[in-house]
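# Descriptive analysis of the structure
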Amino acid sequence: MRAAVFNGPRSIAVAERPDPAIREPTDAIVRVVLACVCGSDLWYYRGESPFEPGPIGHELIGVVEDVGSEVRNVSRGDLVIAPFAFSDGTCPHCRRGITSACVNGGFFPSNGDGGQGEAVRVPLADGTLVTVPGSGHSNELLASLLTLSDVMATGHHAAVCAEVTPGSVVAVVGDGAVGLCGVLASARLGAARIIALSRNPVRQKLARELGATDIVEQRGQEAAEAVLELTDGVGVDATLECVGTGQAMETAFSIARPGSMVGYVGVPHGVELPLPEMFLRNKGLRGGSAPVRAYIPELLPDVLEGRIEPGRVFDFETDLDGIAEAYAAMDERRAIKSLVRVGAV
């Protein structure tokens, strides 16, 4: 089969790889329909995080082609969403809803296949894959379904961890796909006011369309001052940190009101926590790798019924042959998120 391969920093190419096959009776083989590039992939692409050369990608939807003898919940021909982490659904952590910490699980492509390829072996298929009901789904709906494999569920995780509730005043630090999905997630949870921090006019417009009520263009201390001015010096009830840099975390804590939570989902790079401020002002931090599989059952009906359209974060589309440009477009901020069309339903 053909699949994207990471050769080293700023080197992504399509190569021939072995076709995936059933290894364990709990496996499934999924033929990929749609994949995409994640902001976390860019850390490897830029050489800022270690990554072994080989298959890459962890977001996909596809059609089940084969199942192991012990698989009961999915069948050949099912359209499925594959979360970026595979999990058995039965371990103590899964039962507590933290499927991304499954004691028997892992993350694509540690299974040997990346999501940016023609097919994937999915371990622990019964606990991992979510079947999409119905047929004849539009391209727009398929794109929104793809976001449930990571980015929309991750934005939702940030909002949940920040304790967004009806009537909340929320700030979202980061205007990438996760941050924009955080805006959408906050609106879905009933936030009364959503302040999006963004300097990009295109992303500002989309943020407003997804539910943002205010835009702050400044960065650093100026951004903190602008948010405090908007909130009469109080700060926000819930802060979503969706970047992962030291400056983003510093900004998040500077605008969080005393007694509130910062929900963080940006992969941390160079982050130091302001522990004295957290202690003296009773500011909390919660988040991390999103337990996507636990959130999909809640989010899927809203996508299928058109109440939310997270697929709007995709503003660049290509096929596998264009995978290098898909990465470059996101790296250069010419694209919010790149969709890779691999196959057909």
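This text follows the structure it describes.
Everything quoted here is computed from the prediction, not taken from an experiment.

### Concerning the pairing of strand β11 (residues 169–173)
- Within β11, four of the five residues are buried, which leaves it mostly tucked inside the rest of the structure.
- Summarising the sheet, β11 and strand β12 (residues 193–197) pair through five bridges and their orientation is parallel. By the bridge assignment, V172 is partnered in β12 with A196.
- Traced from β11 through helix α6 (residues 177–188) to β12, the parallel crossover comes out right-handed.
- Bridge count between β11 and strand β14 (residues 236–241): four bridges; the pairing is parallel. Across the sheet, A171 pairs through a bridge with T239, a residue of β14.

### Let's talk about the packing of aromatic side chains
- Evaluated as defined, the whole model comprises five aromatic pairs.
- Residues F6 and F51 carry aromatic rings whose centres are separated by 5.3 Å and whose planes lie at 90 degrees to one another, so their mutual orientation is edge-to-face. Of this pair, F6 sits in strand β1 (residues 2–8) while F51 sits in the loop between α1 (39–45) and β4 (54–55), placing them 45 residues apart in sequence.
- An aromatic cluster is built from F6, Y44 and F51, whose rings are joined through pairwise contacts.

### Points about the environment of P133
- Its place among the elements puts P133 in the loop between β10 (130–131) and α4 (139–147).
- On the accessibility criterion, P133 (46% relative accessible area) is partly exposed.
- Between the C-alpha atoms of P133 and F51, which are 82 residues apart in sequence, the distance is 36 Å.
- Setting aside anything within four residues of it in sequence, one finds P133 in contact with L300 and L304.

### Describing the packing of α6 against helix α7 (residues 201–210)
- Here α6 crosses α7 at 20 degrees, and the two axes come no closer than 8 Å. The angle between α6 and α7 falls in the class roughly parallel. Note that α6 runs across α7; the crossing there is right-handed. Mapping the contact onto sequence places L180, V183, L184 and A187 in α6 and R203, L206, A207 and L210 in α7.
- Class assignment for the residues of the contact of α6 with α7 results in seven nonpolar, no polar and one charged.

### What about the nonpolar core?
- Membership of the largest hydrophobic core comes to 55 residues, with the highest contact counts inside it found for I81, L145, L148, M152, V164, V170 and L240.
- Ignoring sequence-local partners within four residues, the contact set of L148 consists of I81, A153, V292, I296, L299, L300 and V303.

### A closer look at the packing of helix α8 (residues 220–230) against helix α9 (residues 246–255)
- At a minimum axis separation of 9 Å, α8 and α9 run at an interaxial angle of 25 degrees. Taken together, α8 and α9 sit at an angle that is classed as roughly parallel. Seen from above, α8 lies across α9 with right-handed handedness. Where α8 abuts α9, its residues G220, A223, A224, V227 and L228 lie against Q247, T251, S254 and I255.
- Counted by class, the contact of α8 with α9 contains five nonpolar, four polar and no charged residues.

### With respect to empty space enclosed by the protein
- Taken as a whole, this structure holds one cavity of 30 Å³ or more when the rule is applied.
- In this structure, the largest cavity spans a volume of roughly 30 Å³.
- Here the lining of the largest cavity is built from residues that sort into six nonpolar, three polar and one charged.

### Concerning the pattern of salt bridges
- Under the criterion given, the structure shown has 21 salt bridges.
- R203 is the partner of D175 in a salt bridge, and the nearest nitrogen-oxygen pair spans 3.6 Å. Placement of the pair is D175 in the loop between β11 and α6 and R203 in helix α7, with a sequence separation of 28 residues.
- Take D175: its relative accessible area is 9%, and that puts it in the buried class.
- On the accessibility criterion, R203 (4% relative accessible area) is buried.
- A salt bridge links R188 to E298; its shortest N-O distance comes to 3.3 Å.

### Quick word on the pairing of β14
- In terms of burial, β14 is largely enclosed, as five of its six residues are buried.
- The β-α-β motif built from β14, the intervening α9 and the parallel element strand β15 (residues 256–264) has right-handed crossover chirality.

### Details of unusual backbone geometry
- The peptide bond linking F108 to P109 adopts the cis configuration, its omega dihedral lying at 10 degrees.
- One can find P109 in the loop between β8 (106–107) and β9 (119–122).
- The phi dihedral of E163 falls on the positive side, at around 65 degrees, and the residue is not glycine.
- By the element assignment, E163 lies in the loop between α5 (151–161) and β11.

### Regarding the sheet that holds β15
- Read from one edge to the other, the open sheet built from six strands follows the order β13-β12-β11-β14-β15-β16, with strand pairing classed as parallel. Bordering the open sheet on either side are β13 (214–216) and β16 (284–287), each of which pairs with just one other strand. In this sheet, neighbouring strand axes are inclined to one another by 20 degrees on average, regardless of whether the strands run parallel or antiparallel.
- In terms of strand pairing, β15 meets β16 through four bridges, oriented parallel. Opposite M261, over in β16, you have G284 as the bridge partner.
- Those strands touched by α9 are β11, β12, β14, β15 and β16, and its axis lies near 145 degrees from that of β15.

Reading guide: rules and limits
- Residues numbered from 1 in each chain as written.
- Predicted model: local features only at pLDDT ≥ 70, side-chain atom pairs only at ≥ 80, totals over all residues.
- Heavy atoms only, no water.
- Buried < 20%, exposed > 50% of the residue type's maximum accessible area, 1.4 Å probe, protein only.
- Helix = DSSP H or I, 4+ residues; strand = E, 2+ residues; numbered from the N terminus.
- Pairing = 2+ DSSP bridges.
- Right-handed = clockwise from strand over helix to strand, strands pointing away.
- Phe/Tyr/Trp six-rings, centres within 6.5 Å; stacked < 30°, edge-to-face > 60°.
- Contact = heavy atoms within 4.5 Å.
- Axes fitted to C-alpha atoms, helices over the stretch in contact; angles between N-to-C directions.
- Parallel < 35°, antiparallel > 145°, perpendicular 65-115°, else oblique.
- Left-handed = near helix turned anticlockwise from the far one by under 90°.
- Nonpolar A, V, L, I, M, F, W, Y, C, P; charged D, E, K, R; others polar.
- Core = buried A, V, L, I, M, F, W, Y, C linked by side-chain atoms within 4.5 Å.
- 1 Å grid on protein atoms, 1.4 Å probe; cavity = no way out; pocket = protein on both sides within 12 Å on 5 of 7 lines; lining within 4 Å.
- Points joined across faces, edges and corners; volume = space filled by probe spheres on them.
- Salt bridge = Lys/Arg side-chain N within 4 Å of Asp/Glu carboxyl O.

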